Amino acid sequence: MNYFFLMSDPTTLLERFQHSLQRTNVLIYLKRQFSARAVHRTLSLPSSQRRLVPRGRGRYAGRGGEGKGLRTCVRACVPTLRRERARRSRKCGTAQQRQQEPPWAALRSPPLSSPPASPSRPAMTNFISVQLKKASEVDLAKPLCKFIQQSYPGGDAQAEHCRAAEELSKLRKSALGRPLDKHDACLDTLLRYYDQLCSIEPKFPFSENQVCVTFTWKDAFDKGSLFGGSVKLALASLGYEKTCVLFNCGALASQIAAEQNLDNDEGLKAAAKHYQFASGAFQHIKDTVLSTLNREPTVDISPDTVGTLSLIMLAQAQEVFFLKATRDKMKDGIIAKLANQAADYYGDAYKQCQYKDTLPKEVFPVLAAKHCLMQANAEYHQSILAKQQKKFGEEIGRLQHAADLVKTVASRYDEYINVKDLVDKINRALTAAKKDNDFIYHDRVPDLKDLEPIGKASLVKSTPVVVPLSQKFMDLFEKMVPLQVQQSVSVYNQRKADLVNRLIAQMREATTLANGVLASLNLPAAIEDVSGDTVPQSILNKSKSVIEQGGIQTVDQLIKDLPELLQRNKEILDESLRLLDEEETTDNELRTKFKERWQRTPSIELYKPLRAEGANFHCILNKAVQADGQVRECYQSHRDTIALLCKPEAELNAAIPSANPAKTLQGSEVVNVLRTLLAGLDEVKKEREQLEDDMKTVNFDMTSKFLAALAQDGAINEEAISVTELDRIYGSYTQKVQESLKKQEELLKNIQNAHQDFSKMKQSNNESNLREEVLKNLAVANDKFVELVANLKEGTKFYNELTEILLKFQNKCSDIVFARKTERDELLKDLQQSIAREPSAPSIPLPTYQTTPAGGSKPAASSTPTPAPRTMVGAKPQPPARPPPPVISVASSSPSASAPSGPAAAPAVASAPGVGASSTAPSQAQGPPYPTYPGFPGYCQMPMPVGYNPYMYGQYNLPYVPSPVFQNPGQPPYPTPQQPGYPFPQQPYYPQQ
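The chain is annotated in an unreviewed UniProt entry as Programmed cell death 6-interacting protein from Anser cygnoides. Per UniProt, the chain has the following entry under Subcellular location (unreviewed entry): "Midbody, Midbody ring".

What follows is the structure, given as structure tokens:
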């Protein structure tokens with residue numbers, strides 16, 4: 001084909017291209033039919049002057065080998081050709097390029113070779129699908145297993161929880177670590193991972209200072225840049241991960257729906273289901289994203305964006321129902337209502353994103369086109385209903401409105417949606433209706449504003465997000481109790497420990513009081529000292545007990561170990577706080593440097609719980625140091641007596657003074673009463689020991705109680721439940737303790753009274769008093785030894801347990817510091833990329849002649865005025881200093897060419913910038929005045945004609961305006977600032993071309 005017919009409709013031209021060229025580029029075809037020079041020349045002309053002459057024809061043929069022939073005019077088709085060329089270039093791209101295209105893959109127009117759409121399926125079915133967000137790789141198993149090992153006792157339960165954490169990490173890699181196919185199986189994988197996140201949220205304390213896992217996601221709509229990369233956000237928040245995963249669920253559902261075959265009922269149902277689910281997912285994100293995150297989200301998950309996406313998905317679901325009704329040939333009134341409702345949805349979505357830069361720009365024309373097309377369909381089907389009701393004027397009015405709408409789409413959005421079939425159908429109906437009305441009915445055609453509004457029928461709604469979303473969901477951490485229950489159990493255990501410790505402390509204090517009273521009365525040694533020169537049996541028993549426990553060497557070793565344990569704990573605590581201090585200092589420095597760009601939680605706020613915990617540890621250590629000092633002081637005061645108890649019986653007997661025996665008191669009633677009372681007191685002490693052991697072994701699992709309360713009320717009133725259960729379990733023990741204390745009080749009172757009677761009957765002298773004092777000290781030393789050993793062992797145990805607690809605290813600090821460093825590196829990288837994306841604005845330095853003269857001195861005053869410096873535009877390079885031109889004699893100048901002299905000429909010259917010269921420029925280019933050099937005459941000003949523009953100077957701008965005053969050879973030049981000199985001789989002058 002060597003010629004084109006004369007065509008005025010570009011749509012007809014494109015239709016001819018579609019059937020003749022197929023996959024050949026339109027512009028290449030034109031170049032083959034015409035000369036390339038003619039095509040390019042035609043494209044550069046206005047549309048009213050565009051004419052193409054076929055190659056080898058026409059009398060206007062040029063040098064390109066064109067002959068004579070018919071001249072063909074193709075008007076108003078060049079914009080269409082350009083769009084067609086862009087469309088075919090997109091189609092011819094590689095698969096890799098298609099993957100890198102914007103996320104709205106469904107916006108592509110059907111290829112030119114595609115067959116026309118069938119009447120049952122209009123050509124408007126170009127649906128919008130959303131691109132998936134991309135996540136960075138995260139290892140969930142390591143931090144979760146670490147928390148499990150710290151929070152749960154070792155055993156089968158801990159191992160099972162760790163295996164569940166590994167399975168969760170594998171599930172994340174399967175859902176987010178690979179490209180997902182547009183299939184329901186991949187969507188189910190995403191849904192199962194989302195369900196698992198919802199199930200572990202109440203069981204693990206995900207936060208920056210506990211289980212710190214940083215999730216990094218890229219913006220789905222950001223294409224990135226050459227240097228900066230794409231926009232991404234990293235947060236240590238499980239809610240952020242849930243939001244992004246749910247976004248991907250909605251996006252993948254929209255892609256699956258767009259891939260459905262809408263020619264059958266199964267495809268229509270699946271598409272409507274997926275679009276409604278996607279709408280519900282985006283709506284859920286809109287309702288929860290701001291409360292979930294503690295900072296501004298990325299654009300793709302912002303409330304405005306996901307709200308618009310939810311409405312778009314709802315509109316597409318409504319359109320699917322419209323297609324289903326059209327395919328099933330339902331009543332035209334119903335179809336019109338469905339189409340009108342879909343048009344409203346599309347219109348609302350377009351209004352929401354029209355003035356906001358949240359969605360890609362490719363979405364706006366599709367939404368506008370869909371709004372017009374659905375409204376046109378509604379008018380078309382309503383016109384059929386009007387025809388059935390014999391309202392022929394209304395039929396024509398609605399068809400005219402529908403024709404105007406589709407004409408708008410065809411003229412503005414034909415690049416995105418092909419509406420040829422719909423245009424033909426509406427035009428045929430309109431032509432037939434007009435013909436019938438003109439020849440038969442003669443019904444008045446009402447105005448558009450007089451037409452009754454079309455009703456609306458919405459058959460779609462956003463599917464609410466109700467966990468579990470997947471039918472195959474199985475809770476990996478089913479046996480793990482929720483975090484709220486764990487916290488309640490922890491508080492209950494603390495209440496229980498406080499109650500038990502308080503009861504045990506009361507009993508121990510009572511026992512210590514009883515021992516002190518007996519020691520002060522020298523009982524039972526006083527009633528056992530029969531001969532007066534042997535060691536009482538009670539003292540021998542105490543001495544044997546002290547020796548069996550290691551004696552004084554044990555106390556010395558325990559006291560020696562305390563400072564080492566204390567120092568170790570201090571070092572661990574100091575190292576933990578040092579890590580926090582260093583990271584906080586770095587964070588403050590970067591915050592000061594980047595200011596508002598440094599958008600993350602300040603370390604000083606994030607570390608408040610840790611610093612409070614560290615301060616608490618400091619207080620505990622200080623109290624422990626005080627307690628160590630008291631123990632050491634008590635040991636020093638009783639060390640000698642304890643050492644005496646550790647000696648053999650012979651040495652012990654020799655150390656105790658002898659006295660006259662109290663044989664007369666043996667077998668008396670007072671002594672028997674004292675022995676009975678002492679035996680009763682010993683029985684009370686044994687009952688306390690047994691009671692203490694019983695209280696320590698009592699154990700009751702409160703997990704079931706708290707779980708039941710959580711399931712019933714949705715919350716746990718820990719205080720009420722704990723107090724009730726503690727009263728029920730330990731009420732009897734509390735009563736027994738109180739009875740033991742009252743019984744001891746009565747026994748001690750009776751012992752003191754009996755001892756008074758015993759002291760009156762006993763013969764007293766100095767030797768007996770001294771012996772009694774020594775025996776009292778030995779009894780007190782035994783009690784102090786037992787107390788010291790218990791306190792020192794308890795202190796050693798305390799320091800060892802505190803070491804484990806401090807090591808966990810140190811690990812917690814190091815973990816959060818490491819996570820903060822990782823977040824800091826990511827944020828620094830993002831800041832560098834954002835700075836690289838920003839346009840640079842370099843400062844333009846002022847020329848040297850506008851700042852300081854060369855040499856730093858002000859030029860000397862001259863009788864001739866110095867020309868004002870000109871303002872330089874931009875950063876143009878200045879030409880190097882030129883040598884003076886050759887000297888021209890005065891005689892060679894014409895008097896008529898001389899410039900007017902006097903100061904009055906200066907204003908005229910100054911007003912010349914921007915005005916073209918009206919006279920011929922001199923043959924020699926005029927330059928600025930130059931200084932004189934030894935052996936070289938000064939600059940000789942060339943004569944210039946009247947009206948000469950001194951600013952018209954080649955391609956460089958002069959720093960000074962030449963003076964029009966003629967100067968004779970040898971006349972001193974104008975004093976001007978010196979330009980930077982060159983160390984080498986000046987180059988010869990070449991006139992500028």
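So that's the structure; there's more coming.
(A) Local environment of the overall build of the chain. Within the chain, the regular secondary structure consists of 27 helices and two strands. Within the chain, buried positions represent 44% of all 993 residues. A separation threshold of at least 6 residues defines the contact pool for the chain, and within that pool the share at least 24 residues apart is 80%.

(B) Representation of helix 24 (residues 703-713). Thr-703, Phe-706, Ala-709 and Leu-710 are the residues of helix 24 that are buried. End-on, the buried residues of helix 24 take up no more than an arc of 135°, which puts them together on one face. Among the exposed residues of helix 24, those pointing more than 90 degrees away from its buried face are Ala-711 and Gln-712. Looking one or two residues past helix 24, Gly-714 carries a phi angle of roughly 80°, positive in sign.

(C) Representation of the pattern of salt bridges. Counted under the stated rule, the structure contains 37 salt bridges. Taking the shortest distance from any N to any O, the salt bridge between Arg-820 and Glu-583 comes out at 3.9 Å. Remark: Glu-583 occurs in helix 19 (residues 551-594) and Arg-820 occurs in helix 26 (residues 766-837); sequence separation between them is 237 residues. Grouping residues by exposure puts Arg-820 and Glu-583 together as buried. Ionic pairing is found between Glu-725 and Lys-705, a salt bridge with its closest N-O pair at 3.6 Å. Of this pair, Glu-725 sits in helix 25 (residues 718-761) while Lys-705 sits in helix 24, and the two are 20 residues apart along the sequence. Under the relative-accessibility criterion, Glu-725 is labelled buried at 8%. Counted as one network, the salt bridges with shared partners bring together Glu-583, Asp-587, Arg-591, Arg-600, Arg-820 and Glu-823.

(D) Main features of the confidence of the model for the chain. When the pLDDT values of the chain are averaged, the result is 75; 68% of them are 70 or greater. The weakest mean pLDDT in the chain belongs to helix 5 (residues 95-99) at 38; the strongest belongs to helix 9 (residues 238-258) at 95. A low-confidence stretch, residues 1-27 (pLDDT under 50), is modelled with 53 contacts involving residues beyond four sequence positions or located in other chains. Low confidence marks residues 976-993, where pLDDT is under 50. Its contacts with residues over four positions away, or in another chain, come to 23 contacts.

Rules and cut-offs
Residues numbered from 1 in each chain as written. Predicted model: local features only at pLDDT ≥ 70, side-chain atom pairs only at ≥ 80, totals over all residues. Heavy atoms only, no water. UniProt positions renumbered as here; feature names shortened; annotations may be inferred. Helix = DSSP H or I, 4+ residues; strand = E, 2+ residues; numbered from the N terminus. Buried < 20%, exposed > 50% of the residue type's maximum accessible area, 1.4 Å probe, protein only. Contact = heavy atoms within 4.5 Å. Arc of directions from axis to C-beta. Salt bridge = Lys/Arg side-chain N within 4 Å of Asp/Glu carboxyl O. pLDDT = per-residue confidence, 0-100.

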